[in-house]
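Residue-level listing of the chains:
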Amino acid sequence: MIEYRNVRVALLGAGSVGSQVARLLLEQAAELAGRAGAGLELVGIAVRDVDAERDVDLPKELFTTDAESLILGADIVVELIGGIEPAKTLILQALSSGADVITGNKALLASHGPELFEAAEQVGAQLYYEAAVAGAIPIIRPLRESLAGDTIVRVMGIVNGTTNFILDRMDTLGESLDDALAIATDLGYAEADPTADIEGYDAAQKAAILASLAFHTSVPLVAVHREGITGVSHEQVEAARKAGYVVKLLAICERISDDDGKLGVAARVHPALVPLGHPLAAVHGAKNAVFVEAEAAGDLMFYGAGAGGVETASAVLGDLVSAARRHVIGGPGLAESNHADLRVLPLGSVSTSYQITLDVADQPGVLATVAGILAQHGVSVETVQQTAGVTRGDEGPATATLIIGTHRARESSLAATVDALTNAAVVNSVTSVLRIEGA
Ligand code: HSE
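Not measured: the values here are computed from a predicted model. (Residues numbered from 1 in each chain as written. Predicted model: local features only at pLDDT ≥ 70, side-chain atom pairs only at ≥ 80, totals over all residues. Heavy atoms only, no water.)

Enquirer: Now, about the side chain of Asn-288: what can you tell me, with residues and values included?
Expert: Checked against the element boundaries, Asn-288 lands in strand 11 (residues 287-294). Filtering out sequence-adjacent residues up to four positions away, Asn-288 remains in contact with Ala-134, Ile-137, Ile-158, Val-159, Asn-160, Gly-161, Val-283, Phe-302, Tyr-303, Gly-304 and Gly-306. (Helix = DSSP H or I, 4+ residues; strand = E, 2+ residues; numbered from the N terminus. Contact = heavy atoms within 4.5 Å.)

Enquirer: I'd like a description of unusual backbone geometry, backed by residues and values.
Expert: Look at the link from Glu-85 to Pro-86: it is a cis peptide, with omega at 10°. For His-216, which is not glycine, the phi dihedral falls at a positive 50°. Relative to the helices and strands, His-216 is located in the loop between helix 10 (201-214) and strand 8 (224-226). Phi angles above zero are rare outside glycine, and Asp-341 is one such case at about 45°. Looking at the secondary structure, you find Asp-341 in the loop between helix 12 (309-329) and strand 13 (343-344).

Enquirer: Summarise the pairing of strand 2 (residues 39-46); cite the residues concerned and give the values.
Expert: With six of eight residues buried, strand 2 is to be regarded as a mostly interior element. Here strand 1 (residues 6-12) runs beside strand 2; their pairing, made up of seven bridges, is parallel. Bridging across to strand 2, Leu-12 finds its partner in Ala-46. (Buried < 20%, exposed > 50% of the residue type's maximum accessible area, 1.4 Å probe, protein only. Pairing = 2+ DSSP bridges.)

Enquirer: Report on the domain arrangement of the chain, specifying residues and quantitative values.
Expert: Domains assigned within the chain are domain 1 (7-134 + 310-329), domain 2 (140-306) and domain 3 (350-436). Here domain 1 and domain 3 have C-alpha centroids that lie 53 Å from each other. (Domains from an automatic or database assignment.)

Enquirer: Give me the site of the ligand: which residues, what numbers.
Expert: Near the ligand, the surroundings consist of Lys-106, Asn-160, Gly-161, Thr-162, Tyr-189, Glu-191, Asp-197, Asp-202, Lys-206, Gly-306 and Ala-307. Residue Asn-160 places a side-chain N or O atom 3.4 Å away from an oxygen atom belonging to the ligand. Separating a nitrogen atom of the ligand from a backbone N or O atom of Tyr-189 is a distance of 3.1 Å. Out of a free accessible area of 260 Å², the ligand has 90% covered by protein chains. Looking at the shell around the ligand, its residues break down into two nonpolar, four polar and five charged. (Near = heavy atom within 4 Å. Polar contact = N/O pair within 3.5 Å; in protein donor to acceptor, adjacent residues only side chain to side chain. Areas by Shrake-Rupley, 256 points an atom, 1.4 Å probe, with all protein chains shown as cover. Nonpolar A, V, L, I, M, F, W, Y, C, P; charged D, E, K, R; others polar.)

Enquirer: Describe the pattern of salt bridges, listing the residues and the values that go with them.
Expert: Within this structure, the stated rule accounts for 21 salt bridges. Between Arg-241 and Asp-171 there is a salt bridge, and its shortest N-O distance comes to 2.7 Å. Here Arg-241 is found in helix 11 (residues 234-242), whereas its partner Asp-171 is found in helix 7 (residues 161-172), with 70 residues between them in sequence. Asp-258 is the partner of Arg-343 in a salt bridge, and the nearest nitrogen-oxygen pair spans 2.1 Å. (Salt bridge = Lys/Arg side-chain N within 4 Å of Asp/Glu carboxyl O.)

Enquirer: How would you summarise the nonpolar core if you had to cite specific residues and measurements?
Expert: Grouped together as the largest cluster of nonpolar side chains are 75 residues, with contacts concentrated most on Val-77, Val-133, Ile-139, Ile-152 and Val-292. In terms of residues, this core owes the most to one element, helix 10, which gives nine residues. When near neighbours in sequence (up to four residues on either side) are disregarded, Val-133 contacts Ile-139, Ile-140, Val-159, Lys-206, Ile-209 and Leu-210. Among the nonpolar cores identified, the runner-up in size contains 34 residues, and Ala-36, Val-78, Leu-317 and Val-321 belong to it. (Core = buried A, V, L, I, M, F, W, Y, C linked by side-chain atoms within 4.5 Å.)

Enquirer: Before we move on, could you go through the environment of Ala-420 and cite the residues and values that matter?
Expert: One can find Ala-420 in helix 14 (residues 411-423). Along the sequence, Ala-420 and Ile-373 sit 47 residues apart, while their C-alpha atoms lie 7.0 Å from each other. In this view, Ala-420 contacts Ile-373 and His-377; residues no more than four positions away in its chain are not counted.

Enquirer: An account of the packing of helix 7 against helix 8 (residues 177-186) is needed here, citing residue identities and associated values.
Expert: At a minimum axis separation of 9 Å, helix 7 and helix 8 run at an interaxial angle of 135°. Here helix 7 lies oblique to helix 8, going by the angle between them. The element helix 7 and its partner helix 8 pack so that their crossing is right-handed. Counted together, Thr-162, Phe-165, Ile-166, Arg-169 and Met-170 of helix 7 and Leu-177, Ala-180, Leu-181, Ile-183 and Ala-184 of helix 8 form the full contact between these two elements. (Axes fitted to C-alpha atoms, helices over the stretch in contact; angles between N-to-C directions. Parallel < 35°, antiparallel > 145°, perpendicular 65-115°, else oblique. Left-handed = near helix turned anticlockwise from the far one by under 90°.)

Enquirer: Quick one: what's the story with the sheet that holds strand 5 (residues 100-103), residue by residue and with numbers?
Expert: Within a sheet, each strand pairs with its neighbour through backbone hydrogen bonds, oriented either parallel or antiparallel. In space, the six strands of this open sheet follow the order 3-2-1-4-5-6, with parallel pairing throughout. Each edge of the open sheet is held by one strand with a lone partner, namely strand 3 (63-64) and strand 6 (127-128). Across two bridges, strand 2 lies against strand 3 in parallel orientation. Note that in strand 3 the partner of Ile-45 across the bridge is Phe-63. Packing against the sheet, helix 1 (residues 16-27) makes contact with strand 1 and strand 2, and its axis sits at approximately 145° to strand 2.

Enquirer: Explain the packing of aromatic side chains residue by residue, including any values.
Expert: Tallied over the full model, the rule gives two aromatic pairs. Judged by centre distance (5.6 Å) and plane angle (65°), the rings of Phe-117 and Tyr-129 are edge-to-face. Of this pair, Phe-117 sits in helix 5 (residues 106-123) while Tyr-129 sits in the loop between strand 6 and helix 6 (140-146), and the two are twelve residues apart along the sequence. Above the plane of the ring of Tyr-201 lies Arg-226, whose end atom (NZ or CZ) is 3.9 Å from the centre. (Phe/Tyr/Trp six-rings, centres within 6.5 Å; stacked < 30°, edge-to-face > 60°. Lys NZ or Arg CZ within 6 Å of the ring centre and 35° of its normal.)

Enquirer: So what about the pairing of strand 10 (residues 263-275)? Which residues, and what values?
Expert: The two faces of the sheet receive side chains in turn, since in a regular strand these alternate between them. In terms of burial, strand 10 is largely enclosed, as twelve of its 13 residues are buried. In this structure, strand 8 lies alongside strand 10, joined through three bridges in parallel fashion. Note on strand 10: the bridge partner recorded for Arg-226 is Val-269. The sheet contact formed by strand 9 (residues 245-257) and strand 10 spans 13 bridges and is antiparallel. Each residue of the ladder has a partner; that of Tyr-245, found in strand 10, is Pro-275. Bridge analysis of strand 10 against strand 18 (residues 427-436) gives two bridges, and the strand direction is parallel.

Enquirer: How would you summarise helix 1 if you had to cite specific residues and measurements?
Expert: The end-to-end C-alpha distance of helix 1, which contains twelve residues, comes to 17 Å, matching closely the 16 Å that a straight helix rising 1.5 Å per residue would cover. Looking at helix 1, one finds that the buried residues are Val-17, Gly-18, Ser-19, Gln-20, Val-21, Ala-22, Leu-24 and Leu-25. Along its buried surface, helix 1 packs onto strand 1, helix 2 (29-36), strand 2 and helix 12. (Expected span 1.5 Å × (residues − 1).)

Structure (structure tokens):
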């Protein structure tokens, strides 16, 4: 029997992920020691209330409310409290004491990442965060290590399970957004405040983390353009399917050029039309997937559970084994890679294409006027579809529905086109505007 040296692990938080991490650490201690080359000794679990009910039965003597003392005696600190404080202070304390830190805290990383990475670098410690994006799916390590020699062009992900669950039910079952959200909440997919999910805040945090990593550039959360799914209607989802698309909430991080041809990065979260043949269109229910386009590797897709206690615990344990190995081998931790320091560009610099649905007067010259407005803004029409006009009798002239698919153009030109169409006399209303991605 091999005798391993022990690495002391302090766990902060025993919620749905933390309690599963503790259970697996205790149940699989021997196997994990063999993999890490060190025993992973769980020295304590800091919680607010030691008597609170937990998902898992864990030894009472492990619990403490004194997180600061627990951190002082640890080689590795696992932060699974979530939120900004006290998580940030505790992580900084752990790093300054030389401990490696593992966190699943996307909100903290997205808003204070550089400060945490800097603190880790100063003492040669490492910050691990596989669990912060897309739960169980290995995406941080592939971007940080496996693809470290490649040039990533675009990362396009379904990184919020709740919104994917809702949009999928609207699409496949014809449910309303509210009904689907109620079911997602009952099943425990949604965040405590579902606004974080349905308004895209959760996905935007993940986009900031992915963009920073993929493009070796700090991308702050405030630079991520964010739209949620609350404006997505049943009619849009139905029309999308008929046209060969599915509506998905996407987090898109891209390496792009600005108007002067200078390289930059942009990150955005919004609902988009995804062609039914694209791999992301096949991501159903609360599952997540991240589609990576790299210059040499080509297209890669990472798919799986984006949330869940035991699933996300898998990502934390992977980090724990890596951190323990590093403790055995020694040497400085992997620092944040931000040497590229590209300009973070606004949404207007992004090139995309739109599907614009218009309710128009069914009269001679209307199509020509609409086409003229697009041409004035340098936007090229790719497809046009007109449905049979509706006669309004005494209430007014007949109307028709025009569905225009555009070629790729700068987002700023597309937005100006939509404004001009909204104000055009021949357009009764712009009933839907959705970006098309992955075509
Ligand atoms: N509420 C999140 C989701 C959980 O729906 O994906 C994981 O961040």
